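Architecture at a glance
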Amino acid sequence: IRLEDIERVLTFWRADWSIKWREFNKEHTKRELVACEPLLSKVEKRPLNDEQARAVICFDNRVLVAASAGSGKTSTMVAKAAYAIDRGFFQPKEIVMLAFNKDAAKELAERAEESFKRLKMEGVTVRAKTFHRLGLAIIGYATKKKPRVPEWVVKEPLAFKKLEELVDHLKDNSVAFRSRWDLFRLVFGRDLPDFKSMKAPPKAGTKAGRLNPIQGDPVKSLEECMIANWLHYNGVEYVYERPYEHDTATATHSQYRPDFYYPKIGLYHEHFALDEQGQPPGHFEGYLQDALWKRALHRERGTHLIETTSHQIRQNTWVEHLTQELTSRGIELDPNPDRPVPPDRQPPLSTTKLIGLIRTFIAHVKSNCLTEDELLKRVDELPMGLFKHRYKMFLDIFWPVMEAWNKALKDDKGLDFEDMLVQAAEHVEQGRCVPNFRLVMADEFQDASKARARLCRALVSVPGRHFFAVGDDWQSINRFAGADVSVMTEFREYFGSGQLLKLEQTFRCPQALCDVSSRFVSRNPVQLTKTVYSKTPAVGPALKAVMVPDADSIDN
């Protein structure tokens, strides 16, 4: 081989071929739009617009279509199936359309059938399945035993009831779990702001900006509210901001009122917003001087004072510290989560709401295949100053419930929907079942969980397979059910290189409403950018505010 031949070949391969590819794809798209105009104009009741048509004929291995609301996502999916079959790319049996529930899968199948009839593609059918139905079939094929989903998993009210039973059993059999559960529900149900962003306490004698604990007078901060609720839980009698027993009023300062007073033992208690260096937030003007004055006053008058601090709250050393301070002085703690709540007070976090939170968290943990160590690491990586211990307390009650849930599934020889997707993906990844779908399409991809995305990725991991997802990240509202919009906003990181296309024309809303909603959603920098436009004529004002007396009147 001559040297000049080698140099010519190397120059050839070092050339910027991405420009050539773009030019080739551009020319190919022009030809296809003309050649397939009869199909593209008839596949739906009205011809596809240019955005839809380009999405249909784009056959990169990985394609994400970021669609606007009412832009024809379903039409585009159905048309792509028809186009792929018409051009001979795939056989109908090699195509699957995935939806998130039975109704959506049924609609996809019906729309596809109507389109095929319109195109005279008699006898052609394309499978439309829910993710879970496909997952169930994969597990059955791989294990030769189709799994069962218990009825108490399928029906959400029964799932809540099952979790209630599991929690009650854990509380009956573990004093430690019962204590953690009750403390979280009564005391730690509210989150705390970053220490540096805490609101300065209201001035003495004012009630504005105060918070209501379960019982007793309004308090000045969330931290004091936690302390008051802990005292209520333990049956400790206290008086909030009782006037100090010695007169301290002057021409410029009102009478001193310590935060808490325990009448049974004549003890005062101040809760100071101080960090580990004993410093208050920077915007708390004069706060440290006041704290020093209070300490000096108690020493001078010989009155007994105990302290808690914001640092102790965030490090969760305050419960042990306060317990020691009170019990060493003769106070007996009597923990009781069922102590009556005054009718004019907001009750603590209810068991029903806490169980609902745990049910949602189970879906997230399983869908994302998260371990206990990974979650603790995420908590540790949160910014300094946040009330991290609250999250750790939640995990302390979550994991026993999760383990009990999994044991109940095992005892019932069943699995839940999250397990179904994860196990199906594992079987495909490990080659125990490799469905012969060459074109996998996913609808409403903004509501995909990591488990759904993992299954899709596994299905198209073999060379020569194509993945086409459509969704609107601006409409992602199912996070409570395990959805993770990052599989859409970080599509290339998750699925590899591919095309990002957009359907920006909406047929649903007038332009004025598109403009208002776009400005609102675009404030979130994580959202994919879209310029939504419409030719739909406006009827009345874009927005209208209506006052109703209560939530029940909204439907009227």
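Our subject is the structure listed above.
Right, let's walk through the structure included here. All values derive from a computational prediction rather than experimental measurement.

Right, let's get into the overall build of the chain. The secondary structure content of the chain amounts to 22 helices and 12 strands. Relative to the compact-globule value of 24 Å for 556 residues, the chain shows a C-alpha radius of gyration of 31 Å, a clear excess of over 25%. Projected onto the principal axes, the alpha-carbon positions of the chain cover approximately 95 × 75 × 55 Å. Counting every position in the chain, which comprises 556 residues, the buried fraction comes to 47%. When the 82 positive and 77 negative side-chain charges of the chain are each reduced to one mean point, those points stand 6 Å apart.

Attention now goes to the side chain of Asp-416. Residue placement: Asp-416 occurs in the loop between helix H17 (388-411) and helix H18 (417-429). Residue Asp-416 is classed as buried on the basis of its relative accessible area of 0%. Of note is the side chain of Asp-416, whose polar atom sits 2.9 Å from the side chain of Trp-405. A distance of 2.8 Å separates the side chain of Asp-416 from the backbone nitrogen of Asp-419, its partner in a polar contact. Contacts of Asp-416, omitting those with residues within four sequence positions, involve Val-153, Lys-366, Trp-405 and Leu-409.

As a further point, take the sheet that holds strand S4 (residues 239-240). Strand order across the open sheet formed by 4 strands is S4-S5-S6-S7, with mixed pairing between neighbours. Each edge of the open sheet carries a strand with a single partner, namely S4 and strand S7 (305-309). For strand S6 (residues 267-272) and S7, the ladder comprises 5 bridges, and the chain directions are parallel. Residue pairing across strands places Glu-270 opposite Glu-307, the latter belonging to S7. In this fold helix H11 (residues 222-233) packs onto S4, strand S5 (260-262), S6 and S7, with an angle of close to 20 degrees to the strand it touches most, S5. Relative to S7, helix H14 (residues 318-327) is tilted by about 170 degrees, and along the sheet it contacts S5, S6 and S7.

In terms of residue burial, strand S2 (residues 95-99) counts as a mostly covered element, since 5 of its 5 residues are buried. Of the two faces of S2, the one holding Ile-95, Met-97 and Ala-99 and the one holding Val-96 and Leu-98 are both buried throughout. In this structure, S2 lies alongside strand S8 (residues 439-442), joined through 4 bridges in parallel fashion. Pairing of Ile-95 across the sheet is with Leu-439, part of S8.

Quick look at helix H10 (residues 175-186) now. Under the 1.5 Å per step criterion, the end-to-end length of H10 is 16 Å for 12 residues, consistent within 8% with the ideal 16 Å. Listed as buried for H10 are Phe-177, Trp-181, Asp-182, Leu-183, Phe-184, Arg-185 and Leu-186. Here the buried face of H10 lies against helix H9 (156-173), H11, helix H15 (351-367) and H17.

Turning our attention to the pattern of salt bridges. Throughout the structure, instances matching the rule amount to 29 salt bridges. For Arg-314, the salt bridge is made with Glu-223, and the minimal N-O distance between the two is 2.4 Å. Highlighted residues: Arg-314 in helix H13 (residues 310-315) and Glu-223 in helix H11, separated in sequence by 91 residues. Through salt bridges that share partners, Arg-2, Glu-4, Asp-5 and Arg-8 make up one connected network.

Looking now at a negative patch on the surface. On the surface, Glu-372, Asp-373, Glu-374, Asp-396 and Glu-403 cluster together into a negatively charged patch. Elements with a contribution of two residues or more to the negative patch: helix H16 (372-380) and H17. By residue number, the principal contributor to the negative patch is H16, which donates 3 residues. Its location among the elements puts Asp-396 in helix H17. Of the residues examined, Asp-396 reaches a relative accessible area of 37% and is grouped as partly exposed.

So, about unusual backbone geometry. Its identity as a non-glycine residue notwithstanding, Lys-120 has a phi of 65 degrees, on the positive side. Tracing the backbone shows Lys-120 in the loop between helix H6 (102-118) and strand S3 (127-130). Accessibility expressed as a relative area gives 67% for Lys-120, which makes it exposed. In this model, Glu-241 sits at a positive phi of 50 degrees, which is unusual for a non-glycine residue. With respect to the helices and strands, Glu-241 occurs in the loop between S4 and S5. Given the relative accessible area of 12%, Glu-241 is considered buried.

Each value, and the rule that gives it
Residues numbered from 1 in each chain as written. Predicted model: local features only at pLDDT ≥ 70, side-chain atom pairs only at ≥ 80, totals over all residues. Heavy atoms only, no water. Helix = DSSP H or I, 4+ residues; strand = E, 2+ residues; numbered from the N terminus. Rg over C-alpha atoms; globule rule 2.2 N^0.38 Å. Buried < 20%, exposed > 50% of the residue type's maximum accessible area, 1.4 Å probe, protein only. Lys, Arg positive; Asp, Glu negative; His and termini not counted. Charge placed at Lys NZ, Arg CZ, Asp CG, Glu CD. Polar contact = N/O pair within 3.5 Å; in protein donor to acceptor, adjacent residues only side chain to side chain. Contact = heavy atoms within 4.5 Å. Pairing = 2+ DSSP bridges. Axes fitted to C-alpha atoms, helices over the stretch in contact; angles between N-to-C directions. Expected span 1.5 Å × (residues − 1). Salt bridge = Lys/Arg side-chain N within 4 Å of Asp/Glu carboxyl O. Patch = residues over 30% accessible without salt bridge, like charges linked within 9 Å, V, L, I, M, F, W, Y side chains within 5 Å. Areas by Shrake-Rupley, 256 points an atom, 1.4 Å probe, with all protein chains shown as cover.

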